[in-house]
Amino acid sequence: MNEFIEAQVALGWEQNLRSSYDVVIVGGGGHGMSTAYHLATRHGITDVAVLERGYIGSGNSGRNTTIIRANYGIPEAVRFYQRSVDLYSRLEEETGRWIMHDRKGLLWLVHGTPGTRNERARSIVNQAFGADTVYVTPEEVGEICPEVDMNAGGGEYRVTGGSYSPHAATARHDRVVWALAEGAMKRGVHVHQRTAVTGLLKDGDRVTGVMTDRGPVTAGVTVSAVGGHVSTLAAMAGVRLPIRTHPLQAFVTNHYARTFRPIVASAEMGFYVSQTPRGEMLLGAGIDSQPSYSYRSSYEFLSHCSLPAVTLLPFLRDLTVLRQWTGVCDMSVDMSPIMGYTGVDGFLVTTGWGTWGFKGIPAGGEQMAELIATDRTPELIAPFSLNRFKEDRLMFDPGSTGTTH
Amino acid sequence: MVLRLACPHCGPRPVEEWTYGEVPDPPDHLTEADERDVDRGFMMGNTEGVKVERWFHAGGCRRWQTITRDTTLD
Ligand SMILES: Cc1cc2nc3c(=O)[nH]c(=O)nc-3n(C[C@H](O)[C@H](O)[C@H](O)COP(=O)(O)OP(=O)(O)OC[C@H]3O[C@@H](n4cnc5c(N)ncnc54)[C@H](O)[C@@H]3O)c2cc1C
Ligand SMILES: [Zn+2]
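Residues numbered from 1 in each chain as written. Chains lettered and ligands numbered in written order. Predicted model: local features only at pLDDT ≥ 70, side-chain atom pairs only at ≥ 80, totals over all residues. Heavy atoms only, no water.

## Digging into the coordination of the zinc ion (ligand 2)
Residue and element names in this part refer to chain B. In the first shell of the zinc ion (ligand 2), the protein supplies Cys7 (SG), Cys10 (SG), His57 (ND1) and Cys61 (SG), at 2.0 to 2.4 Å from the metal. Between consecutive donors of the zinc ion (ligand 2), the numbers of intervening residues give the motif C-x2-C-x46-H-x3-C. Note on His57: relative accessible area 0%, which makes it buried. You can call Cys61 partly exposed: its relative accessible area is 21%. (Donors = N, O, S within 2.8 Å, 3.2 Å for Na, K, Ca; no water. Buried < 20%, exposed > 50% of the residue type's maximum accessible area, 1.4 Å probe, protein only.)

## Here's the deal with the nonpolar core
All names here are of chain A. Counting 57 residues, the largest nonpolar core has Ile25, Phe80, Tyr81, Tyr88, Val176 and Val189 as the members making the most contacts within it. Taken together, domain 1 (20–64 + 188–243 + 338–389) and domain 2 (77–172 + 244–332) each give at least three residues to this core, which thus spans both. If near-sequence neighbours (up to four positions away) are discounted, Ile25 is found in contact with Gly32, Thr35, Ala36, Leu39, Val48, Ala49, Val50, Leu51, Val223 and Ala225. Counting 29 residues, the second-largest nonpolar core is a separate cluster that includes Val148, Tyr164, Phe251 and Phe271. (Core = buried A, V, L, I, M, F, W, Y, C linked by side-chain atoms within 4.5 Å. Domains from an automatic or database assignment. Contact = heavy atoms within 4.5 Å.)

## Let's talk about the sheet that holds strand β4 (residues 102–103) of chain A
Residues and elements named next belong to chain A. Taken together, 3 strands build an open sheet; the order of strands is β3-β10-β4 and the sheet is antiparallel. This sheet does not close on itself; its edge strands, each paired only once, are β3 (67–68) and β4. Inspection of the sheet shows β3 paired to strand β10 (residues 169–170) by 2 bridges, in the antiparallel sense. Pairing of Ile68 across the sheet is with Ala169, part of β10. (Pairing = 2+ DSSP bridges. Helix = DSSP H or I, 4+ residues; strand = E, 2+ residues; numbered from the N terminus.)

## Comments concerning the side chain of Thr311(A)
Residues and elements named next belong to chain A. Along the chain, Thr311 turns up in helix α7 (residues 299–312). Only 2.6 Å separates the side chain of Thr311 from the backbone oxygen of Leu307, close enough to count as a polar contact. Contact partners of Thr311, with chain neighbours within four places excluded, come to Asp149, Ala152, Gly153 and Met269. (Polar contact = N/O pair within 3.5 Å; in protein donor to acceptor, adjacent residues only side chain to side chain.)

## With respect to the site of ligand 1
Residues and elements named next belong to chain A. Of all residues adjacent to ligand 1, which total 39 residues, the nearest are Glu52, Asn60, Ser61, Thr65 and Lys359. At 2.8 Å, a backbone N or O of Asn60 approaches an oxygen atom of ligand 1. Interatomic distance of 2.7 Å between a side-chain N/O atom of Thr65 and an oxygen atom of ligand 1. Counting residues per element, the ones that place at least two in the shell around ligand 1 are α1 (30–43), β15 (243–255) and β19 (321–332). Of the residues forming the shell around ligand 1, the biggest block, 3 residues, is contributed by β15. Its residues assigned to classes, the shell around ligand 1 shows 14 nonpolar, 21 polar and 4 charged. Lining the shell around ligand 1 are residues from two domains, each supplying at least three of them: domain 1 (20–64 + 188–243 + 338–389) and domain 2 (77–172 + 244–332). (Near = heavy atom within 4 Å. Nonpolar A, V, L, I, M, F, W, Y, C, P; charged D, E, K, R; others polar.)

## Overview of the packing of aromatic side chains
The description of two aromatic rings rests on the distance between their centres and on the angle between their planes. Residue and element names in this part refer to chain A. Enumeration over the complete set of coordinates arrives at 11 aromatic pairs over all chains. By way of ring pairs, the aromatic residues Tyr72, Phe80, Tyr81, Trp353 and Phe384 are connected into one cluster. Between the NZ or CZ atom of Arg122 and the centre of the ring of Trp108, over which it lies, the distance is 3.8 Å. Taking NZ or CZ as reference, Lys359 lies 5.9 Å from the ring centre of Tyr81, over its face. (Phe/Tyr/Trp six-rings, centres within 6.5 Å; stacked < 30°, edge-to-face > 60°. Lys NZ or Arg CZ within 6 Å of the ring centre and 35° of its normal.)

So, to be careful, I would describe these as geometric facts and stop short of saying anything about function.
Written as structure tokens, this is what we have:
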């Protein structure tokens with residue numbers, strides 16, 4: 001297939017910003033676009049505008065390391081992400097667009113007893129709730145990924161086993177955004193780029209639309225899908241969120257001449273890696289510790305991430321860093337997403353996507369669309385409502401992040 | 001470049017030496033006790049802009065410092 005999908009996707013930009021829509025979605029990232037796509041395709045709701053202050057996919061959805069997996073640590077999350085994994089595997093067929101979806105399998109390595117215990121527990125929880133994760137022995141690790149130095153760091157990081165999730169995949173991030181945008185636009189959704197939301201329109205406590213730098217737009221429902229900038233928008237509605245924004249960096253190397261099949265991660269060593277379709281090695285690690293909206297990349301990140309990487313996978317030593325970049329992530333206090341009602345009429349959020357939300361784009365949008373269409377919270381995302389903090393039922397999920405997103 | 005925070009005792013030091021301390025800031029209009037507790041426990045201003053923060057210089061003088069930062073730049 002033609003690599004230049006940019007020339008093929010039929011993005012029918014609408015020039016005219018109407019003064020009113022049934023649904024206004026703020027933020028043209030994966031979650032905003034997926035919500036619009038599912039409103040149009042599943043519910044026939046097309047009087048919808050997506051307002052994006054930059055270009056679509058310019059936020060975290062175009063900056064992530066594209067890992068799609070359901071090997072989470074708590075039942076509610078495994079079920080939700082498995083739904084998203086399933087929707088991703090059907091997305092090419094559904095949209096007719098090649099998103100370069102590739103089922104690679106993910107190997108999550110451990111280096112001692114506590115890690116072994118975690119990965120065994122993860123496998124059991126995953127299998128019980130529909131994800132195909134299995135515990136693997138060091139011998140099996142060697143078969144799945146021969147490049148791993150089993151005695152890494154002279155034994156300091158000896159590989160004692162791990163979990164393996166055959167379902168895990170990657171996909172080209174901007175193609176996901178474009179495919180969803182095209183599907184939504186084809187059905188009548190308006191997507192307005194270079195349109196910043198600068199305020200909210202209110203009638204008493206109720207949110208009745210948005211103020212933009214192109215004028216006011218009223219809406220039956222306003223949805224915040226603004227990634228790391230959610231607290232700023234929510235504050236305009238008087239909504240406080242358990243969210244802190246942190247930068248997350250990543251980098252790619254030059255081309256590695258051989259095929260490196262799985263996604264490999266080690267939480268204990270603090271990095272993860274996969275190979276892009278162009279053959280580059282793509283590496284990531286944990287967030288920057290300071291709360292920040294800065295897109296600055298650092299040398300310290302490169303060195304912190306590279307040292308464990310070359311220790312576990314010695315072939316990486318011979319490669320060169322090509323590019324490095326940063327996104328700003330809406331980290332929720334319990335490492336789980338927050339979807340749905342906010343307590344303010346007319347104002348919904350999809351947030352808490354942190355460093356783990358690319359994989360949630362299909363199911364997140366599907367479920368948000370159902371909530372908007374039916375005005376009821378679907379069962380799959382009920383555990384992830386903002387109410388949980390008031391009700392003292394946090395969804396703390398150690399499987400969300402740490403290192404592998 | 002990595003973020004450096006200016007310590008009055010130790011000078012500008014890289015952020016890895018510091019531990020961030022979230023300061024609860026429940027808004028005044030929250031008057032009901034339970035609501036204030038939920039806000040203090042979980043909610044954050046997450047300021048996009050200039051902000052006064054508390055940082056513990058764990059890898060230096062081991063004192064809490066008050067530091068003003070613009071979160072859009074740093
Ligand atoms: C380096 C990195 C690696 C990652 N790796 C992974 C991974 O491997 N797997 C995974 O599942 N997740 C990963 N993530 C997380 C994932 O990228 C995000 O959770 C996901 O993309 C969030 O999508 P979103 O649509 O909510 O936000 P975004 O894609 O950030 O979209 C928000 C949009 O809102 C716009 N916006 C903001 N404010 C306004 C306003 N006032 N008016 C109009 N528009 C506005 C922004 O311009 C932006 O385009 C990673 C993130 C980063 C940064
Ligand atoms: Zn000091």
